[in-house]
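One letter stands for each residue in the lines below.
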Amino acid sequence: MPQFRYPAYRTEQVEGGKSLILFSAPATDISRWAGVPQRMRQESQENIGFQREKKNDRVREIASFLGDPRNVVQNPLLAAQQDADLVMFEAFDPNDRKNPFGHILIDSGALETLGMLELLELLASHIRQRLDTDQPILADEDRVAALTALLKEDYRHRLSEEDLEALDNDESEELEGGDSAGGDSDSDLGAALDPENTNMGEFYGEILARIQVLKRTRTDWTSDDFLGFDRDAILAYLLPVVLVDGQHRLRGAVEAASLTAEDPANLDMTLDFIADGASALEANSAVFEQQVRQLPVSLLMDPSPSEHVFQFVVVNQKATPLSAALLGTIVSTSLVSHEVDEIGQRLRDAKIKFDDSRAISYLTRNPSSPFCGLVQTGVNGDKSNLLQWTVLQGLVKIFRDLSGGRLYGLTNDHAKIWCDRFLSSSGYVSDGATLREKKELWGAPDGPWREVFIRFFTLVRDEFSDPDPVAANGWGDTKQSNLFNKVSLTILAADFFRLLHTSRRSLNSAEDVDEAFAEWITGQAGRKYYARSWEFGGQKKDADKVKKQLATLWSEYRENPSRLPSITSFRF
């Protein structure tokens, strides 16, 4: 089992605080014991990593920079324990706490020797420990069947006749018990998990399903990828150290060494190794190792995933900020609920919009939301026609903060007016004594606003849109739809709050939302309004002139829906 040992210096920034271990190590060593859990999609399923995806251009830039021995990168890689039993500081004098010198010991175990099934089982165990549930979680049999069919289609060239026969024979058999076994359906997964943990649970379910498919092949899987999961991505969660910041520097250093080793200027060195009895491969490897840089490392002695995400978010948001979508995705879905609670207030104190991220992420991922799967996440692979994260953030603000409910071109904030006049009498917040307390109850991440928001926009989708997403009034394509876009959705939200306060309605339940919606406008009227051809003449929908015109047209139509506005009114 590979074990690594480096001279190190231990420091604590405050007395009794968490230890930081400062040391340096060859980049090739670091790549063997430090994982980089990237946020990416694997076979259409988003994983739970928190690092941005690797940018090859950035790696090449850094490799070119580090190819010049005169260049130095001073800032250290930021890392943290991922397994406290495998990463330990050994002081020179254990009896002298004031002596900060010693060695850092890192044991990477036997991970390099394990097959894909063993790695997936370890990953399942790792994720299972983080899920806050005692209930059994079972692989979804339908998902197992779908992956089995995909395996036969995409990997047939790697399967023996025995593998194929085993898959055919096992498809109808009962799966054996245990957490990695099959169950009735994915409802088992939903019943076992807190709604806030859906992404973690879905990722866990994908792992369990692949374990079952691999078991059915009844053979060792020697390839480095399996149904969208590759070896490096799995190891990122299992290696003893996690890299919090500096993945491009690390990869660039390794690539720089490789390029230098291949330089004809080092041919004599290679020949010397061969003359001493080394094979050509051994000689090339020896030259490569000689060219690898020692990189400085700052290692935090804390194995908790919540601390890793906290450090990543703070480091990156205080330097080159993440996109709002990716920040929200990472903060909200890389951790389970009890882990989120550990760092929530600290993120708020660091001025990170943590609660906004959680609230919006719920709406983008929970099947009960009409925006589920239709909002950009900031992860590579997002479709350009999805609703932007910041647009949903603006819609949420109207309902959650009860502010910003203005029709374009006008000054009245109808959400605020409703809040000031009628929130106090809402049964949703009857436990609050003052208006301030009631607003806090209303706007909690999972507060009543969420039910009202989901119900209102579900009715908008069901009553106003066409099932065909590319129809003029389709739901889900911002480029094609007159309805599913920032301007129209904002107008509808603001106008609905106008209806609420003008009709003196205080909301007490989802049924009250239904009644108010029915009073507001009929579904048929809304569907006709958005189904016609609007021509923007090259102008953007959110141009001031367009927004004001659309707000005026909708406002007048809603007051008198017996007659549609002239189609020429929608030509800009």
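In the block above lies the structure referred to throughout.
Residues numbered from 1 in each chain as written. Predicted model: local features only at pLDDT ≥ 70, side-chain atom pairs only at ≥ 80, totals over all residues. Heavy atoms only, no water.

**Digging into the overall build of the chain**
- From N to C terminus, the chain includes 23 helices and twelve strands.
- Out of the 572 residues belonging to the chain, those deemed buried represent 52%.
- In the chain, the proportion of contacts linking residues at least 24 apart, taken out of those at least 6 apart, comes to 72%.
- In the form shown here, the chain has an accessible surface area of approximately 26700 Å², with 47% of it arising from carbon and sulfur atoms. (Helix = DSSP H or I, 4+ residues; strand = E, 2+ residues; numbered from the N terminus. Buried < 20%, exposed > 50% of the residue type's maximum accessible area, 1.4 Å probe, protein only. Contact = heavy atoms within 4.5 Å. Areas by Shrake-Rupley, 256 points an atom, 1.4 Å probe, with all protein chains shown as cover.)

**Some words on the packing of aromatic side chains**
- Counting across every chain of the model gives 45 aromatic pairs.
- An angle of 15° between the planes, with centres 5.5 Å apart, marks the rings of Phe536 and Phe572 as stacked. Of the two residues, Phe536 sits in the loop between α22 (523–530) and α23 (544–559) while Phe572 sits in the segment after α23, which places them 36 residues apart along the sequence.
- Residue classification places Phe572 among the buried positions, given a relative accessible area of 18%. (Phe/Tyr/Trp six-rings, centres within 6.5 Å; stacked < 30°, edge-to-face > 60°.)

**Notes on the pairing of strand β11 (residues 241–245)**
- For β11, a buried count of five out of five residues is recorded, marking the element as mostly surrounded by other parts of the structure.
- Across two bridges, strand β3 (residues 34–35) lies against β11 in parallel orientation. Each bridged residue has a counterpart across the sheet, and for Ala34 the counterpart in β11 is Val241.
- Where strand β6 (residues 77–81) meets β11, four bridges bridge the pair, whose relative direction is antiparallel. Residue pairing in the sheet places Leu78 in a bridge with Asp245 of β11. (Pairing = 2+ DSSP bridges.)

**Quick word on unusual backbone geometry**
- Positive phi outside glycine occurs at Leu227, with the angle close to 50°.
- Mapped onto the elements, Leu227 comes out in the loop between β9 (225–226) and β10 (229–230).
- At Leu402, a residue that is not glycine, the phi angle is positive and equals roughly 55°.
- Mapped onto the elements, Leu402 comes out in the loop between α16 (389–400) and α17 (414–422).

**Things to note about the packing of helix α19 (residues 448–464) against α22**
- Taken N-terminus to C-terminus, the directions of α19 and α22 make an angle of 70°; their axes are 8 Å apart at the nearest point. Taken as axis vectors, α19 and α22 run roughly perpendicular relative to one another. Residues Asp462, Glu463 and Phe464 of α19 form the contact with α22, whose participating residues are Gly523, Gly526, Arg527 and Tyr530. (Axes fitted to C-alpha atoms, helices over the stretch in contact; angles between N-to-C directions. Parallel < 35°, antiparallel > 145°, perpendicular 65-115°, else oblique.)

**So, the environment of Ala91**
- You can see Ala91 is positioned in strand β7 (residues 87–91).
- When its relative accessible area of 18% is taken as the criterion, Ala91 is described as buried.
- In this structure the C-alpha to C-alpha distance between Ala91 and Arg10, which are 81 residues apart in sequence, comes to 8.6 Å.
- Residues contacting Ala91, with those up to four places away along its chain left out, are Phe101 and Gly102.

**Considerations on the pattern of salt bridges**
- Applying the stated rule across the entire model yields 23 salt bridges.
- Among the salt bridges present, the one from Lys18 reaches Glu307, with a minimum N-O distance of 3.0 Å. Taken together, the residues span a long stretch of sequence, with Lys18 in the loop between β1 (3–12) and β2 (19–26) and Glu307 in helix α12 (residues 305–318) at a distance of 289 residues.
- Looking at Lys18, the relative accessible area reads 41%, which means it is partly exposed.
- Taking relative accessible area as the criterion, Glu307 reaches 3% and is therefore assigned buried.
- A salt bridge links Arg60 to Asp57; its shortest N-O distance comes to 2.3 Å. With a gap of three residues between them, Arg60 and Asp57 both fall in helix α2 (residues 56–66), about one helical turn apart. (Salt bridge = Lys/Arg side-chain N within 4 Å of Asp/Glu carboxyl O.)

**Description of α23**
- Between the first and last C-alpha of α23 there are 23 Å, a value that for 16 residues agrees with the 22 Å anticipated at 1.5 Å per step.
- Of the positions making up α23, those classed as buried are Val546, Lys547, Leu550, Ala551, Leu553, Trp554, Ser555, Tyr557 and Arg558. (Expected span 1.5 Å × (residues − 1).)

**Notes on the sheet that holds β3**
- Judged by pairing direction, the sheet is mixed, and its eight strands sit side by side in the order β3-β11-β6-β12-β2-β1-β8-β7 without closing on themselves. Looking along the sheet, the strands with just one partner apiece sit at the ends: β3 and β7.

**Some thoughts on the nonpolar core**
- Within the largest apolar cluster, 67 residues are counted, with the highest numbers of intra-cluster contacts made by Phe371 and Phe453.
- Secondary-structure elements contributing two or more residues to this core are α15 (354–365), α16, α17, α19, α20 (486–502), α21 (510–520), α22 and α23.
- In terms of residues, this core owes the most to one element, α20, which gives ten residues.
- When neighbours within four sequence positions are excluded, Phe453 is seen to be in contact with Leu363, Phe371, Leu392, Leu395, Val396 and Phe399. (Core = buried A, V, L, I, M, F, W, Y, C linked by side-chain atoms within 4.5 Å.)

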